[in-house]
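# Structural characterization, general
Chain by chain, the residues:
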Amino acid sequence: MSTNNNVLVFDTTLRDGEQSPGCTMNLKEKLEIGHQLARLGVDIIEAGFPISSIGDFEAVSTIAAEVKGPIICGLARAMEKDIVRCAEAVKNSARPRVHTFIATSQIHLEKKLRMSKERVLETVHDSVKLARSLVDDVEFSCEDAGRTEWDYIVDVVNAAVEAGATTINIPDTVGYTTPWQYGECFAYVISRIKNAEKIVFSCHCHNDLGLAVINSLSALRNGARQVECTINGIGERAGNASLEEIVMNLHTRKDFYGLETGINTREIYRSSRLISKITGMKVQRNKAIVGANAFAHEAGIHQDGVLKERTTYEIMTPEDVGWTGENMVLGKHSGRHAFKTRLTHLGYDQLSDDDVNKAFDRFKALCDKKKDIFDEDLHAIVQDAVFQAPETFVLDYLGISSGTTAVPTATVCLKKNGEILTDAGVGDGPVDAAFKAIQRITGMHAILHDYSLDAVTGGMDAQGQVMVTVECEGVRVKARATSTDVVVASVKAYLNAINKILALNEAGNKINVPKSGM
Ligand code: KIV
Ligand code: ZN
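Given the structure is predicted, the values throughout are model-derived calculations rather than measurements. (Residues numbered from 1 in each chain as written. Chains lettered and ligands numbered in written order. Predicted model: local features only at pLDDT ≥ 70, side-chain atom pairs only at ≥ 80, totals over all residues. Heavy atoms only, no water.)

### Concerning the packing of helix α1 (residues 27-40) against helix α11 (residues 268-279)
What counts, and what does not: All axes here are fitted lines through C-alpha atoms, helices being fitted over the stretch that makes contact, and every angle between N-to-C directions spans 0 to 180 degrees. Secondary structure elements follow DSSP: runs of H or I of four or more residues count as helices, runs of E of two or more count as strands, with numbering from the N terminus. Roughly parallel means an angle under 35 degrees; roughly antiparallel means over 145; roughly perpendicular covers 65 to 115; every other angle is labelled oblique. Should the near helix be turned anticlockwise from the far one by less than a right angle, the crossing is left-handed, and should it be turned clockwise, the crossing is right-handed. Whether two residues are in contact is decided by their heavy atoms: any pair within 4.5 Å suffices. All residues other than Ala, Val, Leu, Ile, Met, Phe, Trp, Tyr, Cys, Pro, Asp, Glu, Lys and Arg, Gly among them, are scored as polar; the first ten of these are nonpolar and the last four charged.
Viewed as axis vectors pointing N to C, α1 and α11 meet at an angle of 165 degrees, and their least axial separation amounts to 10 Å. As judged from the angle between their axes, α1 and α11 are roughly antiparallel. Where α1 crosses over α11, the handedness of that crossing is left-handed. For the pair formed by α1 and α11, the contact residues are E29, E32, I33, Q36 and L40 on the first element and I268, R270, S271, L274, I275 and I278 on the second. In terms of residue class, the contact of α1 with α11 is made up of 6 nonpolar, 2 polar and 3 charged.

### Details of the coordination of the zinc ion (ligand 2)
The cut-off we apply is this: With water omitted from the atoms examined, metal sites may look incomplete; donors here are N, O and S atoms no farther than 2.8 Å from the metal, or 3.2 Å in the case of Na, K and Ca. Buried residues are those whose accessible area, probed at 1.4 Å on protein chains only, stays under 20% of the maximum for their type, while exposed residues exceed 50% and partly exposed ones sit between those limits.
At 2.0 to 2.1 Å from the zinc ion (ligand 2) lie its protein donor atoms, namely D16 (OD), H204 (NE2) and H206 (NE2). For the zinc ion (ligand 2), the donor residues sit on a single chain with the sequence spacing D-x187-H-x1-H. Here H206 lies in the loop between β7 (200-205) and α8 (212-221) and D16 lies in the loop between β1 (8-11) and α1, a separation of 190 residues in the sequence. H206 carries the same exposure label as D16, and that label is buried.

### What to know about the state of the cysteines
Working definition of a disulfide: a covalent bond connecting the sulfur atoms of two cysteines. Here is the rule we go by: Pairs of cysteine sulfur atoms within 2.5 Å are identified as disulfides in what follows.
Tallied over the full model, the rule gives 0 disulfides. Considering cysteine sulfurs only, C203 is the nearest to C205, which forms no disulfide, with 5.5 Å between them. A relative accessible area of 1% places C205 in the buried class. Unpaired in terms of disulfides, C229 finds its nearest cysteine sulfur in C203, a separation of 8.2 Å. We classify C229 as buried; its relative accessible area is 1%.

### Side note on the domain arrangement of the chain
Definition in use: Residue ranges assigned to each domain were obtained from an automatic or database domain assignment. What counts as buried area is the accessible surface, traced by a 1.4 Å probe, that two parts surrender upon association, with contributions from both included. Within 3.5 Å is the distance limit for a polar contact, defined as a pair of N or O atoms, with the added protein rule that one can donate a hydrogen and the other accept it, and that residues adjacent in sequence qualify only through two side-chain atoms.
On domain assignment, one finds that the chain holds domain 1 (8-279), domain 2 (336-385) and domain 3 (394-506). Taking only C-alpha atoms, the centre of domain 2 and the centre of domain 3 are 23 Å apart. Buried surface at the junction of domain 2 and domain 3, summed over both partners, amounts to about 800 Å²; 49% is from carbon and sulfur atoms. Run the count over domain 2 and domain 3 and you get 3 residue pairs in polar contact (both at pLDDT 80 or more). At 5 residues, the largest contribution of residues to the side of domain 2 that touches domain 3 is made by helix α15 (residues 375-385). In terms of residue class, the side of domain 2 that touches domain 3 is built from 3 nonpolar, 1 polar and 6 charged.

As C-alpha cells, this is what we get:
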C-alpha cells in the first residue's frame with residue numbers, strides 16, 4: 001500500500017469532456033480553459049487527441065506551448081502514427097506526456113480489435129517503448145479494464161511497465177464496475193506489479209451507473225495516486241467522474257481518506273462556470289459542490305440553525321469553493337478598467353485588448369437596456385463577443401409577423417462577405433419561421449435537436465439566453481446567444497450554430513478517427 005498521501009489530479013475536460021455530445025470547443029475556448037485549469041492547480045491537463053483532427057493537434061500544441069505549470073498530455077492509440085503525432089503535439093510543453101491506450105477486455109479483443117491476448121501484449125510493449133523513445137513521461141491505459149480479468153490486467157501492466165510506462169491507468173471505460181470491485185482490483189494489480197512503488201497508478205471512471213466519483217474514491221483508498229476527472233463531470237455518455245466532487249470529498253473528509261491534492265479549491269466555482277458557459281452544458285441546480293442550490297438553505301429550521309452556527313447544516317462553506325454569491329457589480333457608469341478587472345476575477349484573464357474592447361462595447365450597449373449588470377451577464381457578454389466562431393453569416397435584419405390568428409412569418413436578411421441575402425419562411429411560430437428562412441438562405445439543413453430558453457439573471461429586464469443543439473453535415477454543436485428579445489436570441493443562437501459548424505469543417509476538425517477505441 002502506498003505511503004504517499006498526495007493525489008495527482010489529471011483533468012481530461014478538454015479530451016474526454018469534449019467527447020460529450022455537442023461539446024466541441026474551438027482553440028480560443030480550449031486555451032482559456034487550459035489557463036483556468038492551471039490556476040485551479042491541476043497536475044496534468046489532457047489537452048486532446050492529436051491524431052483525431054487538425055484542430056485537436058493545434059489545440060494540444062498551443063496549450064503545450066502556452067499553459068505553464070501542469071504537465072500537458074495528449075492521447076494516442078497504441079499505434080505508431082498516433083504516438084508520433086501526439087509526441088509532436090506536446091513537445092513544446094516544459095513537461096510533456098504521451099498517454100497511449102489499448103483495450104484489454106475479452107469483448108473488445110474479440111469484437112473490436114480482433115486481436116489475441118498475446119498480440120495485445122506485444123502491441124502494448126512496442127507502443128510504450130516507442131512513446132518512451134520520444135518523451136520521458138508515458139502513461140498507459142488498459143481500455144475497458146473494468147470488464148477485464150484481473151490476471152490479464154496484471155500481464156498487460158507488467159508489459160507496459162517493462163517497456164517504460166511511468167503511470168498506469170486502469171479505467172472503467174463503460175461505468176460498469178462497483179466501488180468494492182474497483183478498489184479490490186487496484187489492490188490486486190498493485191500487489192502483483194514489480195517495483196509498483198515507482199509507478200503512479202491512476203483511476204478513470206465513467207458515470208453510466210452514477211458511480212464514477214465513489215469508484216474513483218475507492219481506487220484512491222486502494223493505492224491509486226492519480227485521479228482522472230472532468231469539471232462538472234462532463235464526458236462521454238453519462239460523463240466522467242467530477243473533479244470538484246472528488247477534490248471536495250478528499251478535502252472535507254481528510255480525517256477519513258488521509259489524502260490531499262494540490263487543487264486551489266477557491267478556483268472550483270469559477271472553473272465550473274467557465275466550462276459550463278463555454279460548452280453550453282448546464283449544471284443541474286442540485287449538483288453537489290457547484291449547483292446553484294448547493295449552499296442554499298430552504299427549510300426554516302435549517303436557516304435558523306445556519307444563522308446561529310453555520311456548521312449545524314454546512315460541512316463546507318461556499319467560500320471554500322470560491323462561490324461569492326450573485327454579484328451586482330457593474331452599471332452604466334462603470335469604466336473600462338472596472339470592467340476588465342471584473343472579467344479577470346471571473347477567470348477571463350487571457351483576453352487581448354481587442355477582445356476586451358469588443359466585450360466592453362457590448363457591455364455599454366446592454367447598460368442602455370438593463371440597469372444592473374450581474375456576473376452572469378458578463379459571462380454572456382464575453383461568450384457573445386469573444387468566443388463565437390468566425391461569422392460566415394451575420395444577422396442583418398429580422399422581421400417577424402405573428403399572433404393568435406396570423407400565420408407566423410419571418411423575413412431574414414443575412415450578410416455574407418458584404419453581400420446581403422434575403423429570404424422568408426413560415427412556421428409553427430416566429431422562431432420556427434425564422435429558422436426556416438435561415439435554412440433557405442444558407443442552404444444548410446441544420447436540424448435542431450435541442451432548444452432551451454432561460455433568463456440570464458432575475459428581474460423584469462433580464463436578458464433571455466437561448467441554447468441550441470444543432471446537427472448538420474454529420475457535425476453536432478451547441479451554441480448560444482443572449483438578447484433582451486428572445487426571438488432575436490433564438491435566431492442568433494441558431495446562426496451561431498451554423499457558423500460554428502462551418503468553422504469546424506474549415507479548421508479540419510472533422511473527426512477522422514473514432515474519438516476513442518481503435
Ligand atoms: O474511458 C477510457 O477508457 C478512456 C481511455 C482512453 C483512457 O477515456
Ligand atoms: Zn474515458
